[in-house]
Each structure stands twice: as C-alpha cells, then as structure tokens.
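Summary of structural features
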Amino acid sequence: MSDSAPADEPSGAPEPGLHPRFTCRFCGHPHRPVALAPRQKAHCVRCGLVLAKGSYFGVDTTAALITTALLLSVPAICLPFVTVGKLGSERAGHLLSGARALWFENMELLSLWVLLCAGLLPVVMLALLAAVTLPARFSKPGPWAQPLRRTAVALAPWAMPEVYVLGVLVALTKLGSLVDVKIGPGFWCYTVMAVLTLLAWSNFHLGPPSIPSEPVREKTTS
Amino acid sequence: MKPRSISGDDVPNFSRPAAFAVAAAIMLIPANILPILSTDAVGESRTDTIYSGMMGLFENGLWPLALIVAIASLLIPFVKLVGLTVLMLSARRGRSVHARKLTHLYAVLDFIGRWSMLDVFLVAFLTSAVRFGALSTIRPGPGIGAFAAAVVLTILATRSFDPRLLWREPSPSNSKPLS
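Residues numbered from 1 in each chain as written. Chains lettered and ligands numbered in written order. Predicted model: local features only at pLDDT ≥ 70, side-chain atom pairs only at ≥ 80, totals over all residues. Heavy atoms only, no water.

1. Details of the packing of aromatic side chains
This is how it is decided: Any two rings among Phe, Tyr and Trp, with Trp reduced to its six-membered ring, count as a pair given centres within 6.5 Å; such a pair is stacked if its planes are under 30 degrees apart, edge-to-face if over 60, and tilted if neither. Elements are defined by DSSP. Helices are runs of H or I of four residues or more, strands are runs of E of two residues or more, and each kind is numbered from the N terminus. Exposed residues in this analysis have more than 50% of their type's maximum accessible area, buried residues have under 20%, and partly exposed residues fall in between, with area computed by a 1.4 Å probe over protein chains only.
According to the stated counting rule, one finds 10 aromatic pairs over all chains in the structure shown. Relative to A:Y164, the ring of A:F81 lies with its centre 6.1 Å away and its plane at 50°, an arrangement referred to as tilted. Here the residue A:F81 occupies a position in the loop between α1 (59–78) and β3 (82–86), and A:Y164 occupies one in helix α5 (residues 161–175), the gap between them amounting to 83 residues. The class for A:Y164 is buried, based on a relative accessible area of 1%. Geometrically, the ring pair formed by B:F14 and B:F161 is stacked, given 5.6 Å between the ring centres and 25° between the ring planes. Placement of B:F14 in the segment before α1 (15–33) and of B:F161 in the segment after α6 (142–160) is noted, with a sequence separation of 147 residues between them. Taken together through their ring pairs, the aromatic side chains of A:F81, A:Y164, A:F187, A:W188, A:Y190 and B:F121 make up a single cluster.

So this is what it looks like as structure tokens:
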C-alpha cells in the first residue's frame, strides 16, 4: 500500500469480513481494508506496528477459549487459592482475600482497586468477550456487539489477571521460608483463566470483529 | 522561528498527560520512602520499603525474584516517566525523523505499565496469606497506597498521550484528527 493512496478511512460500517481497524491505532495512518488469511499479520506502512492479525485460532477456538475461561472464573473465585499453615494451624485464602485483608487494614481505596484489577474486571472482560463472540458464532452478531467491543477495549488496560498471577508466584516463593504454603485449585483455575484470556484477547483485539461468512485466504498486505 | 498560536492545532496540548506524569512523579516519592510492608514474625519484626524489600529478597538468595521486583517497581515507573517526557518534548516539534522509533517507544510504554502493579498485588496477597495473630503477621504500610496511585497515574498519563501527535505535519491544514 502506498502512502499516496490512504483510501477508505472507515467512515461507516466496514464491508463484512474486512477488518475495520485499519487505521493505525498508534500513528493514525489510514489503510485500505484487506482480508487477512489466518496467521497473517498486517503492519502499518508508516510506523511498522501490528495493525491486525488474521484470526489465529479461528472463531470456534476463540469461542471455546472464552467459554472455558469464563467457566473457570467460578472455581477460581470459590475454591481455595492457597493454604497457609504455621505450627499446626492452617488457613485457606481465596482470590478475593487479598482485597479483603487490605480493607480491614483501613486501606479501602487500595482494596477496591485490587478487587477491580485482579478479581472483577478480568471476569467482566471475559463476560464482554463472550457476549460479543458467542452470538456471532451461533447466529448473527447482535446490534450491541460494537458498543460492547468498545467497552472491552476501554476496560482491557485495567484487567490484570496475569500480573496478579506473577505477584502471587513471587509472594509464594518469598513465603516459603516463613510458613508452609500449598497452592490450591483456585490458583490453578485462575492461572489457566489468565492464560486463556490472553490468548483469546490477542485474537479478539487484533482479529476480525465478526466472522467472515467464509474464511478468506487469498489476499495479503504490505 | 514562526510564532505559535496558543490555541488551534499548531501546538499540541499536553496538559493532561503532563499533569498525570507530574502527579505520578510526586507520588513516587512517598512510595519509595514510606514502608510498604511490615513483617512481625516470632521475636522479629521489620518494616520494608520497596528498595529494602528487594534487597531482602536478594540477600536471601532469591535474586530472580529481586530482579522481577526491581524491574516492576523501580525500573518501569522510572522508564515510563522518562519515556513520556521524551515523547512529549518530541511531539511538540511535530513530526521528527525518529517518529517511527518514538511510536515504538510509546507501544512499549503502553505495554509495560500494568506490570508495575506487581508489588501492590504482592503486598495484598501477603497481607491476606500471613495472619497468624502473635505468631506472624504481615501488614501493609502507607507506601503501597502511594505506589499504587503512582502506577495508576503513569498508566493514565500514557493513555492520555495521543501518539498520533508524533506524526503531526507542521502545517495545521494537515492535522485533521482521525478517530
């Protein structure tokens, strides 16, 4: 694509099956929409960053990833996250115990923030992704798909399950010398949920918003 | 040098990202001075700042953890603030020959910000996991609130900076906003 033909800044609805986000979100350079084959990446001709990715898994896999992650969020919250023992007494901690403990230390604002970033928003994100992806998979996408997608994109920076997983891993290693810790099933569910969210998100965020009626394989870009 | 108009497209307005960045820089001072964690184990109690907590991990031979904490808590906020300052100063002058590199820098800053929350989650988790009354207890210190605020402010600063300004053509007629 040449610089002189920055055609088709999507003013209205894009053609079905073509990617609507071909305006680079970093430098704002407009591109003509193209259909991407699976695993194909489109880079911005001006700044070189990735504009879009051809659906990495296909729609079925993305829907399956999101459904699995959403189901896993239930045991992640309910089942014990870790069991901590010291001199015979043993306690089970849950995903939301961290936020709860901060609340009782009179750090209400921080507590709410941890609750949002680690507990609430990851699940809300998954619910939004499911609400956009699943109807598109089984029938046609609903009229609210686009606002929901925008909400998900706006919330994404604040949902940090993968950061929480790393924080817990660091804390567990640090604690090993002080008390006996056992990782509970809740932690595994949460970790798998975080990984699946990342996989589904990379496909959702940079992938096509709705399914092309049939997979497009021929065209390429820059 | 041509005169610059106060309003209009000629000089981009950085008041929001700049305000967030300054606020983040201010919050980083108490975040690094005040204790973030106090540990009361049997017969031993200590309070840790971000730096001393990291050194504690290092002295216990857990240097990979110390490295992770150092990157997340000390390096990333600093890199973000310096990087944003560079971006704002460059974007003032419109499109530069380094616009491509600067845009990549922005993409990196946008990605790394969230990892600073690591220390906050660490403290929250430790507080909930270790509470055995007199035996051993870990309590959060006031520094962690300041640190969390600083992290949120750096993320807000990055997000309120529009990287398209790095590609702004010098003449106002070309700076049609694309959104």
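2. A few points about the sheet that holds strand β5 (residues 180–183) of chain A
Residues and elements named next belong to chain A. Formally: A strand pair is defined by DSSP finding two or more bridges across the two strands. Here, axes are lines fitted to C-alpha atoms. For helices the fit covers the stretch in contact, and angles between N-to-C directions go from 0 to 180 degrees.
In space, the three strands of this open sheet follow the order β4-β3-β5, with antiparallel pairing throughout. Among the strands making up the open sheet, the edge pair consists of β4 (89–93) and β5. The average angle at which neighbouring strand axes cross in this sheet is 20°, direction not considered. Where β3 meets β5, four bridges bridge the pair, whose relative direction is antiparallel. Its bridge partner being in β5, V82 is matched across the sheet by I183.

3. Section: the pattern of salt bridges
Residue and element names in this part refer to chain B. Selection rule: A side-chain nitrogen of Lys or Arg and a carboxyl oxygen of Asp or Glu constitute a salt bridge if their distance falls within 4 Å.
One pass over the structure, following the stated rule, counts five salt bridges over all chains. Across the pair R159 and D110 runs a salt bridge, and its minimum N-O distance is 3.5 Å. Pair noted here: R159 is in helix α6 and D110 is in helix α4 (residues 99–112), with a separation of 49 residues, a long-range link. You can call R159 partly exposed: its relative accessible area is 40%. One salt bridge in this structure joins R164 and D162, with 3.0 Å as the shortest N-O distance. A relative accessible area of 26% means that D162 is categorised as partly exposed.

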